[in-house]
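Here are the chains, one letter per residue:
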Amino acid sequence: MGEAIACLPSFVSVTALNRPSTEPTRSGIAIQSKTAITFPLLKQIVHQISLLSTPCLVISHQKIRGEDCPRDVKLGRCAFFEIYETLESGLILSRRHSRIAENFGNPPTPETFGTGRADACPGAGSFRTTTRLRSMRLSAAVKSLKPSATIAAAARAKALKATGVTVHEFTLGEPDFPTPKNICDAAKAAMDAGHTHYTPATGIPELKKAICAAYQRDYGLSYEPNQVIVANGAKHAIHNVIASLCGPGDEVIIPTPYWVSYSALVELTGATPVLVPTTEESGFCLTPEQFEAAITPNTRLLMLNNPCNPTGAAYPVATLEGLARVAVKHQIPVLADEIYEKLIYGDSEFRCFASFGEDVKNLTIIVSGVSKAYAMTGWRIGWTLAPVELTTAMSNLQSQQTSNPCSISQYAAVEALNGPQESLKEMLVEFTKRRNYVVDRIKAIPGLSFAEPGGAFYVFFNVSSYFGKKLPGGKVAQNSSEFCDALLEVPHVALVSGDDFGAPGYVRLSFATSMEALKAGIDALEEFLKGAGE
Ligand SMILES: Cc1ncc(COP(=O)(O)O)c(C=O)c1O
């Protein structure tokens, strides 16, 4: 192999991967390059590999520049075909390869085969592949899944940080505060008390009781424990609902901009997401008229996120009431994702969707959890409150699929709900300061527009006036994704593109980070935009 690769540029090294003796068919090649791998360079590498007459699994940790990579190019007799196939079957070429993969119409996901294997790549000798690549045929449902865009954006920022660059990181959807001490202490006590085994699949009675008590206390809503399912985070709770209610031929109404996982989870069931655009002018709130107009005989569900990720929209009570009336009129169930319910700012008010009367409550599935309000994203506790019949169905699903959420986390969540609420208040004070600061700063930057967030911890602003202009560093962005790429590359500011939320032209900034970080990052953003040409 040494000879075969001799004419590659010196900054590229190609290494044979070890192959366990059980490996039936393939060997592997790891490419490491100090610079981004352009398509001409990829061709050169592939040509060299083709001289080996070895079918190859090619792995690269460098970005492969997809712009230059036409879909229909074939390279010689074997090598490029092998790469194409590898992409088609979803294997990883590069952890940052998605653009080249998209050119082939089928972006693979790092999750598909586990990032651990790709991570092992730099020490190529440690890489093992134990399966026949050709037999890795993915199911139709999973094949079309893309990795979560917010997680991907955070991973790009992290990768850049790992190279020693200071990155202004605003992609994260989680509070930067530690989980309050009383909650951590409750978890430790639970371990000491031996609560380290299976629990009932849908949660311990103490937590179900605590959830019911919290809804009674906070919103005057009466629920019984047999209407509660404790899931592995709110995301899992949402999956339980959609999987239990929807299937092929069904339609699910989703106002856009929407949280990235909504449409993916709907599509996974074979149902069709019906995206209804909301506008900055309407504060990014779905109107009752829009909801009614989107209903067809196939409509099975409305997914309503209040307060909203990514826009921060906190729905006015009158709008919620109007939506509730439409739901009752047409008997459409509503998944009310209220995970940001405790993070409300200024004059905005939060109203639980189920609180507009018994007829509305009977159609409402509340989704919430402890992740955002109590800085407990890693503990993975979310829940649903729903009519008994649906709860029973979801309980069957969860008991077959995941069993109980972590026993220790459940005891911690009991403390979060029943214990002192001071830390929640303190976090809210800090979030409010940050929200006001970011709103003022973004308002002062020419060419940006947004609807002021009433909740959650995001500002979602329109950057499209900068499209088509030469940005510092020389790039010209034509869309939000390209804008975010340029912003990460030059002033190292990491935002999430609105394209991923069904809102072209916008970007999302998370203010779940310190004031110092916000100041430095927004200074960098402002400076960058000042340098934009005509
Ligand atoms: C709107 C929305 N719903 C649900 C979730 C999932 O929350 P969890 O971390 O509890 O799964 C998130 C997380 O970012 C979210 O933004």
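Above this note sits the structure.
Residues numbered from 1 in each chain as written. Predicted model: local features only at pLDDT ≥ 70, side-chain atom pairs only at ≥ 80, totals over all residues.

### What about the overall build of the chain?
Argument step 1. Of regular secondary structure, the chain possesses 19 helices and 16 strands.
Argument step 2. The 534 residues of the chain split such that 45% are buried. (Helix = DSSP H or I, 4+ residues; strand = E, 2+ residues; numbered from the N terminus. Buried ≥ 20, exposed ≤ 12 C-beta atoms within 10 Å, placed from the backbone.)

### Structural notes on the sheet that holds strand S12 (residues 449-450)
Argument step 1. The antiparallel open sheet is built from four strands, whose spatial order is S12-S13-S16-S15. If you trace the sheet from one side to the other, it starts and ends with S12 and strand S15 (496-497), each paired once.
Argument step 2. Pairing between S12 and strand S13 (residues 458-462): two bridges, direction antiparallel. Residue pairing in the sheet places Phe450 in a bridge with Phe461 of S13.
Argument step 3. Helix-sheet contacts for helix H18 (residues 480-489) involve S15 and strand S16 (506-510), and the interaxial angle to S16 is about 45°. (Pairing = 2+ DSSP bridges. Contact = placed C-beta atoms within 7 Å. Axes fitted to C-alpha atoms, helices over the stretch in contact; angles between N-to-C directions.)

### Observations concerning the nonpolar core
Argument step 1. Among the nonpolar cores identified, the biggest contains 124 residues, and Val241, Leu335, Ala336, Val367, Leu495 and Val507 are the most heavily contacted of them.
Argument step 2. Leave out the neighbours within four places in its chain, and Ala336 touches Leu304, Asn306, Phe353, Ala354, Thr364, Ile365, Ile366 and Val367. (Core = buried A, V, L, I, M, F, W, Y, C linked by C-beta atoms within 7 Å.)

### Details of helix H11 (residues 261-268)
Argument step 1. For H11, the complete set of buried residues consists of Tyr262, Leu265 and Val266. Each buried residue of H11 sits inside an arc of 100° when the element is viewed along its axis, so together they form one side.
Argument step 2. In this fold, the buried residues of H11 make contact with helix H10 (234-245), strand S6 (251-256), strand S7 (272-277) and strand S8 (299-305).
Argument step 3. Backbone geometry just downstream of H11 places Gly270 in the positive-phi region, at approximately 90°. (Arc of directions from axis to C-beta.)

### Focus on the packing of helix H9 (residues 205-219) against helix H16 (residues 407-418)
Two quantities define a packed helix pair, namely the angle between the axes and the distance from one axis to the other.
Argument step 1. Running from amino to carboxyl end, H9 crosses H16 at an angle of 25°, the nearest separation of the two axes being 9 Å. In terms of axis orientation, H9 runs roughly parallel to H16. Between H9 and H16 the crossing geometry is left-handed. Every residue of H16 that contacts H9 at Glu206, Leu207, Ala210, Ile211 and Ala214 is listed here: Gln410, Ala413, Val414, Leu417 and Asn418. (Parallel < 35°, antiparallel > 145°, perpendicular 65-115°, else oblique. Left-handed = near helix turned anticlockwise from the far one by under 90°.)

### A short note on the sheet that holds strand S10 (residues 364-369)
Argument step 1. The strand order across the open sheet built from seven strands is S5-S11-S10-S9-S8-S6-S7, with neighbouring strands paired in mixed fashion. Here the strands that pair on one side only, and so sit at the sheet edges, are strand S5 (228-231) and S7. Pairwise comparison of adjacent strand axes, ignoring direction, gives a mean angle of 20° for this sheet.

### A short note on the pairing of S13
Where a strand is regular, its side chains alternate between the two sheet faces.
Argument step 1. Burial analysis of S13 places four of its five residues in the buried class, which makes it a mostly covered element.
Argument step 2. Bridge count between S13 and S16: five bridges; the pairing is antiparallel. Looking across to S16, one finds that Tyr458 is bridged to Ser510.

### A few points about the pairing of S5
Argument step 1. Residues Val228 and Val230 point to one face of S5 and Ile229 and Ala231 to the other, with burial holding for every one of them.
Argument step 2. Of the pairings in the sheet, the one linking S5 to strand S11 (residues 382-385) comprises four bridges and is antiparallel in character. Along S11, the bridge assignment pairs Val228 with Leu385.

### Let's talk about unusual backbone geometry
Argument step 1. Note the cis peptide between Asn306 and Pro307, where omega equals -15°.
Argument step 2. The topology assignment puts Pro307 in the loop between S8 and helix H13 (317-330).
Argument step 3. A cis geometry characterises the amide bond from Asn309 onward to Pro310, with omega recorded as 20°.
Argument step 4. Locating Pro310 in the fold gives a position in the loop between S8 and H13.
Argument step 5. With a phi angle near 60°, Ala456 is a residue other than glycine that sits in the positive phi range.
Argument step 6. Along the chain, Ala456 turns up in the loop between S12 and S13.
Argument step 7. If you check the backbone angles, His492 has positive phi at about 60° while not being a glycine.
Argument step 8. Along the chain, His492 turns up in the loop between H18 and strand S14 (493-494).

### Looking at the environment of Val328
Argument step 1. Mapped onto the elements of the fold, Val328 is located in helix H13.
Argument step 2. Spatially, the C-alpha atoms of Val328 and Leu363 are 7.5 Å apart, while their sequence positions differ by 35 residues.
Argument step 3. Non-local contacts of Val328, meaning those with residues more than four positions away in its chain, are made with Asp359, Val360 and Leu363.

### Let's talk about the packing of helix H8 (residues 181-192) against H16
Argument step 1. Close contact between H8 and H16 brings their axes to 8 Å; oriented N to C, the two are set at 140°. Here H16 runs oblique to H8, going by the angle between their axes. Both H8 and H16 take part in a crossing whose hand is right-handed. The segment H8 lies against H16, with Asn182, Ile183, Ala186, Ala187, Ala190 and Met191 engaging Ile408, Tyr411, Ala412, Val414, Glu415 and Ala416.
Argument step 2. Residue classes in the contact of H8 with H16 are distributed as ten nonpolar, one polar and one charged. (Nonpolar A, V, L, I, M, F, W, Y, C, P; charged D, E, K, R; others polar.)

### Some words on the environment of Ile183
Argument step 1. With respect to the element layout, Ile183 can be found in helix H8.
Argument step 2. Given 24 C-beta atoms within a 10 Å radius, Ile183 is considered buried.
Argument step 3. Along the backbone, Ile183 and Tyr374 are 191 residues apart, and their C-alpha atoms lie at a distance of 8.9 Å.
Argument step 4. Leaving out residues up to four positions away in the same chain, Ile183 has contacts with Tyr374, Met376, Ala412, Glu415 and Ala416.

### Examining helix H17 (residues 422-443)
Argument step 1. Over its 22 residues, H17 runs 32 Å from end to end, which matches the ideal 32 Å to within 8%, given 1.5 Å per residue.
Argument step 2. All of the buried residues along H17 are Ser423, Met427, Phe431, Arg434, Arg435 and Val438. End-on, the buried residues of H17 take up no more than an arc of 110°, which puts them together on one face. Exposed residues pointing more than 90 degrees away from the buried face of H17 are listed as Glu422, Lys425, Glu426, Val429 and Asp440.
Argument step 3. Contacts from the buried residues of H17 go to S13, S16 and helix H19 (515-530). (Expected span 1.5 Å × (residues − 1).)

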